[in-house]
Amino acid sequence: MSEALPVPLKAEDEKSKFTTSLGSDASLPVEHQHHIDPALERRVVRKCDLRVLPPVLLLFMLSFLDRVNIGNAKIQGMAKDIDLRGTNYNVALLILFIPFILLEIPSNLAMKKLRPSIWLSVLLFGCGIMNMCMGFVQTYAQLVAVRFLLGIFEAGLGPGSIYLISMYYKRYELPKRLSWWYTSGIVAGAFGGLLAYAIASGLNGARGYLAWRWIFIIEGLVTTVVAMAMPFLLVDWPHEAKFVNDEERACLLARLSIERAESAKMDRWNTKRVFSDWKIWIGTLMFFGIVNTNYATNFFIPSILVEMGYTAVRAQVMSIPIYAVAAVICLSVCYISDKVRHRFGFVLLGVTVGSIGYIILLAQAGLPEGAKYFALFCLVGAGYIVQPISVSWLMNNTGGHYKRAFASAAQIGWGNAGGIVASNIFLVKEAPRYKTGYGVSLALLLMTGVMTVAMYFYLVAQNRKKASGQRDHLLEGPDADDLGDDDPRFKYNL
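Residues numbered from 1 in each chain as written. Predicted model: local features only at pLDDT ≥ 70, side-chain atom pairs only at ≥ 80, totals over all residues. Heavy atoms only, no water.

A. Quick look at the confidence of the model for the protein. Looking at the protein, the pLDDT average stands at 84 and 90% of residues meet or exceed 70. Below pLDDT 50 for its whole length, residues 1-33 participates in 74 contacts with residues either more than four positions away or in separate chains. (pLDDT = per-residue confidence, 0-100. Contact = heavy atoms within 4.5 Å.)

B. Just the packing of aromatic side chains, in detail. Evaluated as defined, the whole model comprises 28 aromatic pairs. Measuring from centroid to centroid gives 5.9 Å for Tyr89 and Phe300, while their planes differ by 90 degrees, and the two rings are edge-to-face. Of this pair, Tyr89 sits in helix H5 (residues 88-94) while Phe300 sits in helix H14 (residues 278-307); the two residues are 211 residues apart in sequence, bridging distant segments of the chain. Considered together, Tyr89 and Phe300 belong to a single accessibility category, that of buried residues. One residue, Lys74, lies across the ring of Tyr89, its end atom 5.1 Å from the ring centre. (Phe/Tyr/Trp six-rings, centres within 6.5 Å; stacked < 30°, edge-to-face > 60°. Helix = DSSP H or I, 4+ residues; strand = E, 2+ residues; numbered from the N terminus. Buried < 20%, exposed > 50% of the residue type's maximum accessible area, 1.4 Å probe, protein only. Lys NZ or Arg CZ within 6 Å of the ring centre and 35° of its normal.)

C. Fine view of helix H3 (residues 53-68). Taking 1.5 Å of rise per residue, the 16 residues of H3 would be expected to cover 22 Å, and the 22 Å separating its terminal C-alpha atoms lies within 8% of that figure. Counting buried residues in H3 gives 14 out of 16 residues, a clear majority hidden from the surface. (Expected span 1.5 Å × (residues − 1).)

D. Representation of a nonpolar patch on the surface. A contiguous nonpolar patch, built from Ile98, Leu102, Leu103, Phe148, Leu149 and Ile152 and spanning about 460 Å² of accessible area, is present on the exposed surface. Elements supplying a minimum of two residues to the nonpolar patch: helix H6 (97-113) and helix H8 (140-154). Tracing the chain through its elements places Phe148 in helix H8. (Patch = residues over 30% accessible without salt bridge, like charges linked within 9 Å, V, L, I, M, F, W, Y side chains within 5 Å. Areas by Shrake-Rupley, 256 points an atom, 1.4 Å probe, with all protein chains shown as cover. Salt bridge = Lys/Arg side-chain N within 4 Å of Asp/Glu carboxyl O.)

E. Just the side chain of Asn396, in detail. Tracing the sequence through the fold places Asn396 in helix H17 (residues 369-396). Owing to a relative accessible area of 0%, Asn396 belongs among the buried residues under this scheme. Non-local contacts of Asn396, meaning those with residues more than four positions away in its chain, are made with Arg171, Tyr172, Leu174, Pro175, Arg343, Phe490 and Asn493.

Okay, here's the thing in structure tokens:
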């Protein structure tokens, strides 16, 4: 990097040049592209890590806990109390994903026009209220209705928080931050088991409510209270950042504009360019296959542990080590992936580990309980290897504000349809072997592997075409200044 400017540009000048850059993708003036003080840049990144990430991680942890705590509630008496017979539990799970699929993309596009700190806070507040309401339902129909409403509020939180994080970091800084984001979901799984254990041990029957009702009420109340503080904790777009001084804001906007400038600019919505991008659809299918495993484990691990012979209370405790190990795996693998700037091999590693877990469970007859317990570690660990890396891989290779907003919402929104599959393949009549559940999940995981290979060879082919000049003609077209990652100068990350 060339020598830094001793005195940065005035923040007012920088803001006027870069407001569209982080509300769009306007480029950095060429004369300032390489004049960023490295020490100042490190300080800005450190401030982003301390100010942007923690509230978003807390938001996702609480929303994910509200989404999956039904698994903990089920084994604490909910199934019997409101008569969840046959496939009733499966329907209660799948209903949440209908608004997920329908509303995640509109939510991200709406957030682009609004303040993220307000939009995400309102959604989280709604999640907390709906979660508390589940503690008071008396019938199966009421449970389904409240779960549907919960899905409406949950829909925008995942893609919205990823979208917000992606606007503060460079391409190769993103995977590590997304691994922290996903780890907060793992913490939610472990904390959910611990909290369910504490509630079942101390509050079962308190004030006439069984433990499963207290799980929803207490966790929902915590989410609601935190949501009321979120407008003061969450950040908005980079050009509006209040946690940096004028000098730091100028640096923040400049470093982002340098990377997103000419080679990844998309200031205008381009329907053809967005919808014809094969990366988005391959990435969505990758996510669809692995998200089935993620939801299958979160929804059904407590039940599987009970069927392995543990009491309901003991099963809550036995789930905690599974998520603790998964957190270590997620952070370690994503750290290495970030260091070597490679995604393909690590996604295949996760697919392999998960496949081993499913094969063990499909062949579980005669196997010791320890082997089946080990298989659960493989499944959860695999899920949290593949999910963050597949998301960051697509984000790394998607250029332009509009395209990135659509890609993150499409991958997570439509990919979450895997949750519908996971909700319906673990049938009560097949317990405890769940041949349909494990077999379909293995097939979807292998589909993720196939899509991973397809993504890799597609990106290799595109990089070769760009390197050989076969894409240079795009620079002479009518939208040459708005190509996004189709720009010949944009190199795809493998």
